Structure formats: C-alpha cells, structure tokens
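Residue-level listing of the chains:
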Amino acid sequence: MRKKLAFSLILLIPVIGFIAFKSGKKKRPNIVFIMSDDHAYQAISAYDNRLMQTPNIDRIANEGMLFTNACVTNSICAPSRAVILTGKHSHLNGKIDNYFPFDTTNVTFPQLLQQNGYQTAMFGKLHFGNNPKGFDEFQILPDQGDYYNPDIITKKEGKKKLTGYVTDLITELTLNWLKNERDDDKPFFLAYLHKAPHREWIPAERHYKEYINKKFPEPETLFDTYEGRGRASNEQEMNLLTHMNWAGDSKIFPENMDKLGIKESHTYDKRLYNMTVGRMNPEQRKVWDETYGKMNEEFIKKYPQMTEVDKMKWRYQRYMQDYLGCIASVDEGVGKVLDFLKESGLDENTIVIYTSDQGFYLGEHGWFDKRFIFDQSFKTPLLVKWPGVIKPGSKNPQMVQNLDYAQTFLEAAGIKPPADMQGESLIPIFKGKGRNFRDAAYYHYYEYPSVHMVKRHYGVVTEKYKLVHFYYDVDEWELYDRKNDPNEMKNVYNDPKYKSVKAELHKKLADLRIKYKDSEILDKMYINKYDELLKQGKIFR
Ligand code: SGN
Ligand code: CA
C-alpha cells in the first residue's frame, strides 16, 4: 500500500509542477534587452534633463531602478557587446577592439538561455562581422549599418534592403516579432539594439526638422586645454573643433566647404556625407536638402566673421541638434515597445533593461566619441524594471558593469552560470540588497593607434578615485580625485598629498589584474597581434 502511494505521488510531481507553472508561480521571466549605440547618460532625462526629455526611457526608471554609476570595462562598441554576451573581460573573450574578430567558440548567455527553453530573438545592430549564436531569429545590420534605407542580414532570407529610417525599422521588426512570432509556451529573450545615436548622427526627417532650431546649454569643460594632464588627453583626436567632419558630421554641404575654403577634417569627410545622402530616395533627399540647405545658407553668411571660439560653439550646437534628434526616435521606439508589453499583459513577468554599449562625450573636454576611462565614456546608462522584484522609482549608486549582465540574466532564468564568467549577478541589488557590491572596477582599453588616437590604458576606479596607466608608446600614470574634481581636470598623481592613496590604488589595481587574469604577457600578446594588423593596413584612421 505504502509503495503504491509513494509511486502515485511520484507520478503526480510533473502534474503539480505543470499546475504551478501554469498558475504563474514558477514562470521564468521574459527579458527585453534594449541597447542603443553611443547613448550618453547626459542625454536621458532620468539622469539629467538639461539637454532633452526622454519620457519613454524614463518610464523604465520610474517603474524600476536607475543605476547612477553603471560602467563598462572597455569603452568601445563591439568589445562592449562581447563583454555583455560572454560575461568576460575583453582580454579573456578576445574581442579587445573593433578590429579583432569575435571568437565564436565563446559561450554566450543567449546560447544558454536557448538551450534551457527560452525563445531568443535579436533585431538591430550587433557589429561583430559574424552572425549571433543562440538566436532562433535575428535580423541585424551589417557592420555599423546605415541610417536611411539600410541593408539587413536576416536569419531566414539572407540580406535584404529595407526602406525607411533605421530606428523606426528596428522598432517595427521588434514589435512584429513580439506580436506575431512569439511562442506562448516559452519565456523569451529579446535583444532590441539600436544603431542610433551613432556617428554621423542622422535623425529621422520629423526630428531633424524640429531639433535643427533648438539651442542647448554648453558643458563647463567645452574649452578644456588639457593642461597638467598627460600625452593621452593632449594627443587624442576627438576635438569638436579640430577633428569633427564638416560635411559628414556638421552637414555643411561639400560644395559649400569649397566655397568657404574649409578643408576636410579627414580624407573621408565629404565621402561619408555623400554616402549618407546617397542612400536616400528622392523624397527623403528633398526634405533633407530643404532643411539642411537653410542651415547651410545661414552658416555661409556668418562663417567669415566667426572666431575660433564661435566655431567651437557653433559646432557644439550642430552636434547636439543631430545627436539628440537621433535619440528622439529611440525614445519613441522604446515607448511603443513598452506600450505593447503593457497592453498584452506581458509586462508583468518581463524584465526590461535599457542601456548603451558605453557612454559618450557631449562636448565635455571639448570632445565627441568615447574610449577614455573618464566618466562620460566609462559610465553608461542603465535602467531596469522588473515588476514585483524591483521597487518602482528606486535609484542605485553601485558600480555595476556590463560584465554583470550575463550572470544576471542567467540567474533570473534559473540557470547556473559557467564558472569562468567574471561578473556578479545584479539580482541582490534589484531586491534592495547588495550594498557593497563592487568597491573597485577594472577597465582596459586597447584600440590604438586608430581613429581618434586614444592611447591604450588600463586602470582602477573606486567611488573616490581613478588611477590610470597609459602605455604602448607612452608610460604615464594619472590619478583623479573624483569627489573634489568631478570634471576630471586635475591629474594629482604627483601631488604628495595623495601619496598613500596612490599606493593603495596601485595595490588594488595589481590585485584586480590578478583577479581577472589580465597581465603584461597578455598586453604584449595583443600589441603584437595589433601591430600585425597595422602592418597589413587593416587599421582605420
Ligand atoms: C567610426 C566613427 C568613429 C567611431 C568608430 C567606432 N567614424 O569609425 O567616430 O569612433 O566608428 O565606433 S565615422 O566618421 O566613420 O562615423 S563604434 O561605436 O563602432 O565603436
Ligand atoms: Ca558604440
């Protein structure tokens, strides 16, 4: 009798499990991972509302958590994506810069989610040179992708050309999948990845028409002269006045550059502009020519009287008009996806994350682009909502990193992460715990010499300080006091007042290099491989 009872109980286990699953108790959460390309936190109103309003992105923070010190391990596009997918630092996953290929033998978290019963899909920019593994469906832009009428690589039909504006198209593909292709019996992981607001900052018609008339406040450090700092800050090529393209970026028509005697910032300045407008159809081109034509006419009139200071101010405004105009479409798209999740009731069991592959300079230090360990590119936006787990409207100051996402998603899905992943799950923080999450973050940037000429460096960042070593063709150390000098204008490495701080940070940095298995041997190995690419002429400047 007893045996019989035990046997029938065993038979009942899957039934009980199924009922619990159906009643929603054990249902694993869906994950919507939204990432834009080069989106500065300064341009999200939940962080800072001086530049623009992003009501839809802000909704994620209002209904969830805003991370005020989220940061990356290597501030550049494809490497950041590789860190996110593998949960490993660049020196271990091998994708140290935009040139090295992504090693597809790496295990990525979407593969593990898929193997464990998740339906997986990716739409938008990946920037890897190979297709993503572990996805049931993907439609991705080749390489950097185009803003107007972009080509798209599809899993099912090969390469296609789409008609329209890239941000709106990626949103449409995402919504179409959510509405029509989802398998109701499975939880899903959806990657919704924008190209915007990447250079050359081309907004949708409706937004450039609006933003071209706006004026924005300048950052305090727009006219930084890099005094007292080392060769890296002095020798970079990211200055708005001297390195930004006049045609490609500021949209001065090539013929007007000739008329005014303005030289190209790079040999590809006009070529990039022509490539962008070359993709437009006649209707798109007409609106473009009218709107930017008017701006060009005004510029022609004032250019002869402009001082260098005027030019810098003008270029900053032009930059912001287009960069922020791109974000306006991203915000609208995010709103549509959030609306659909709500209407369909999916939102109740869905984690939504908004982040960027890294931060970006919006004129701070006179710069655009990223790459440096300094705050605007080291930090990245991170907003997360998870109903029932994260308290709405919460803020968290911990130094979480893009390294942590893989383990977070795996834990949320009830999957044990591989032992060699190097991050930490953010779930304790989501639940309001994890007070001393990470006392020091490790950073390592490699892509030099290359476009923007930011020297190789690695460093350690704590709540109060930042210690950096620039190497390769220099051997320079810099130390910043983050509390007393939040704009990072003063290198105090040689100030005797910081002697003990310096010693402590050197020790911390050495410990982190050991902890994460980075070393001088690896630095040299990557230099040798990079020098080989340089010799082969494969590096872009
Ligand atoms: C292009 C851009 C650079 C940018 C890199 C990397 N120049 O080369 O400004 O830093 O991409 O960007 S452009 O004039 O061709 O747009 S990343 O986001 O892919 O890392
Ligand atoms: Ca990027």
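The structure presented is a predicted model; accordingly, all values stated were derived computationally and were not measured. (Residues numbered from 1 in each chain as written. Chains lettered and ligands numbered in written order. Predicted model: local features only at pLDDT ≥ 70, side-chain atom pairs only at ≥ 80, totals over all residues. Heavy atoms only, no water.)

Describing the environment of K133
Phase 1 of the analysis: Mapped onto the elements of the fold, K133 is located in the loop between β3 (119-125) and β4 (137-141).
Phase 2 of the analysis: Engagement of the side chain of K133 in a polar contact is seen with the backbone oxygen of T104, the distance being 3.0 Å. (Helix = DSSP H or I, 4+ residues; strand = E, 2+ residues; numbered from the N terminus. Polar contact = N/O pair within 3.5 Å; in protein donor to acceptor, adjacent residues only side chain to side chain.)

Structural notes on the packing of aromatic side chains
Phase 1 of the analysis: On inspection of all chains with the given rule, the structure shows 46 aromatic pairs.
Phase 2 of the analysis: Ring geometry for Y273 versus W288: centroids 6.3 Å apart, planes at 45°, classification tilted. Taken together, the residues Y273 in helix α10 (residues 269-278) and W288 in helix α11 (residues 282-302) connect sequence positions 15 residues apart. Here Y273 and W288 have matching classes, each one buried.
Phase 3 of the analysis: Over the aromatic face of Y147 sits the side chain of K195, whose NZ or CZ is 4.8 Å from the ring centroid.
Phase 4 of the analysis: Between R456 and the ring centre of Y530, over which it is positioned, the NZ or CZ distance is 4.7 Å. (Phe/Tyr/Trp six-rings, centres within 6.5 Å; stacked < 30°, edge-to-face > 60°. Buried < 20%, exposed > 50% of the residue type's maximum accessible area, 1.4 Å probe, protein only. Lys NZ or Arg CZ within 6 Å of the ring centre and 35° of its normal.)

Looking at the packing of α11 against helix α12 (residues 308-344)
Phase 1 of the analysis: In contact at an axis separation of 13 Å, α11 and α12 are set at 175° when each is read in the N-to-C sense. In terms of orientation, α11 and α12 fall into the roughly antiparallel class. Listed contacts from α12 to Y292, M295, F299 and K302 of α11 are W314, R318 and D322.
Phase 2 of the analysis: Residue composition of the contact of α11 with α12, by class: four nonpolar, no polar and three charged. (Axes fitted to C-alpha atoms, helices over the stretch in contact; angles between N-to-C directions. Parallel < 35°, antiparallel > 145°, perpendicular 65-115°, else oblique. Contact = heavy atoms within 4.5 Å. Nonpolar A, V, L, I, M, F, W, Y, C, P; charged D, E, K, R; others polar.)

A word on α10
Phase 1 of the analysis: Along α10, the residues that are buried comprise D269, L272, Y273, T276 and V277. Mapping the buried residues of α10 onto a view down its axis gives an arc of 125°, with all of them on the same face.
Phase 2 of the analysis: Looking at the buried positions of α10, the neighbouring elements they touch are α9 (254-260) and α11. (Arc of directions from axis to C-beta.)

Details of unusual backbone geometry
Phase 1 of the analysis: Between R199 and E200 the backbone carries a cis peptide bond, its omega angle lying at 10°.
Phase 2 of the analysis: Residue position: E200 is located in the loop between β7 (188-193) and α7 (205-211).
Phase 3 of the analysis: The omega torsion of the bond from Y448 to P449 falls at -5°, within 30 degrees of zero and hence cis.
Phase 4 of the analysis: With respect to the helices and strands, P449 occurs in the loop between β11 (441-445) and β12 (457-461).
Phase 5 of the analysis: A positive phi angle, near 70°, is found at H127, a position not held by glycine.
Phase 6 of the analysis: Within the fold, H127 resides in the loop between β3 and β4.

Describing the coordination of the calcium ion (ligand 2)
Phase 1 of the analysis: Within the protein, the atoms that donate to the calcium ion (ligand 2) are D37 (OD), D38 (OD), D357 (OD), D357 (OD) and Q358 (OE1), at distances of 2.1 to 3.1 Å.
Phase 2 of the analysis: Its six donor atoms give the calcium ion (ligand 2) angles of 45 to 174° at the centre, a pattern that matches the irregular case.
Phase 3 of the analysis: Read N to C, the donor residues that coordinate the calcium ion (ligand 2) are spaced as D-D-x318-D-Q. Of the two residues, D37 sits in the loop between β1 (30-36) and α2 (55-62) while Q358 sits in the loop between β8 (350-356) and α13 (375-378), which places them 321 residues apart along the sequence. Each member of the pair, D37 as well as Q358, carries the same accessibility label: buried. (Donors = N, O, S within 2.8 Å, 3.2 Å for Na, K, Ca; no water. Tetrahedral: all angles 85-135°; square planar, octahedral: opposite > 155°, others 65-115°.)

Structural notes on the domain arrangement of the chain
Phase 1 of the analysis: As assigned here, the chain comprises domain 1 (217-320) and domain 2 (443-535).
Phase 2 of the analysis: Measuring from the centre of the C-alpha atoms in domain 1 to the corresponding centre in domain 2 gives 31 Å.
Phase 3 of the analysis: Across the boundary between the two partners, domain 1 contributes 14 residues, which contact 15 residues of domain 2.
Phase 4 of the analysis: Between domain 1 and domain 2, roughly 1,200 Å² of surface is buried when both sides are summed, and carbon and sulfur atoms account for 52% of that area.
Phase 5 of the analysis: Three residues stand out in domain 1 for area buried against domain 2, namely R229, R231 and A232, and they jointly supply 41% of the buried area on that side.
Phase 6 of the analysis: Counting the contacts that link domain 1 with domain 2 gives one salt bridge. (Domains from an automatic or database assignment. Buried area = accessible area lost by both parts, 1.4 Å probe. Salt bridge = Lys/Arg side-chain N within 4 Å of Asp/Glu carboxyl O.)

Some words on the site of ligand 1
Phase 1 of the analysis: By nearness alone, 16 residues border ligand 1, and Q144, R199, D369, R371 and H452 come closest of all.
Phase 2 of the analysis: Between ligand 1 and R199 there is a distance of 2.8 Å, counted from an oxygen atom to a side-chain nitrogen or oxygen.
Phase 3 of the analysis: Taking 460 Å² as the accessible area of ligand 1 by itself, protein coverage stands at 92%.
Phase 4 of the analysis: Residues of the shell around ligand 1, tallied by class, amount to four nonpolar, five polar and seven charged. (Near = heavy atom within 4 Å. Areas by Shrake-Rupley, 256 points an atom, 1.4 Å probe, with all protein chains shown as cover.)

Focus: the sheet that holds β11
Phase 1 of the analysis: Pairing is antiparallel in the open sheet, where four strands are placed in the order β11-β12-β13-β14. Each of the sheet's edge strands pairs with one partner strand only, and the pair in question is β11 and β14 (476-481). In this sheet, neighbouring strand axes are inclined to one another by 15° on average, regardless of whether the strands run parallel or antiparallel.
Phase 2 of the analysis: Against the sheet, helix α16 (residues 499-515) touches β11, β12, β13 (465-470) and β14, its axis set at about 110° to β12. (Pairing = 2+ DSSP bridges.)

So, the pattern of salt bridges
Phase 1 of the analysis: Enumeration according to the criterion identifies 45 salt bridges in this entry.
Phase 2 of the analysis: Across the salt bridge formed by D322 and K251, the nearest N and O atoms sit 2.9 Å from each other. Here the residue D322 occupies a position in helix α12, and K251 occupies one in the loop between α8 (231-235) and α9, the gap between them amounting to 71 residues.
Phase 3 of the analysis: Taken together, the shared-partner salt bridges in this structure form one network comprising D38, D369, K370, R371 and E447.

As for the sheet that holds β3
Phase 1 of the analysis: Across the sheet, which stays open at both edges, the 10 strands sit in the order β6-β5-β4-β3-β7-β1-β8-β9-β2-β10 with mixed pairing between neighbours. The outermost strands of the open sheet, each flanked by one partner alone, are β6 (158-161) and β10 (394-396). Averaged over neighbouring strand pairs, the angle between their axes works out to 15° when direction is ignored.
Phase 2 of the analysis: Bridging between β8 and strand β9 (residues 382-385) involves four bridges; their strand directions are antiparallel. The residue of β9 that forms the bridge with Y354 is L383.

Examining the nonpolar core
Phase 1 of the analysis: Residues Y319, Y323 and L324 are the most contacted members of the largest nonpolar core, which totals 81 residues.
Phase 2 of the analysis: Of all the elements, α12 adds the most residues to this core, at 16 residues.
Phase 3 of the analysis: For Y323, the residues in contact, after removing those within four places along its chain, are D38, H39, A40, A43, P197, W201, F360 and L362.
Phase 4 of the analysis: If you look at the next biggest cluster of nonpolar residues, it comprises 44 residues, including M122, I353, L426 and I429. (Core = buried A, V, L, I, M, F, W, Y, C linked by side-chain atoms within 4.5 Å.)

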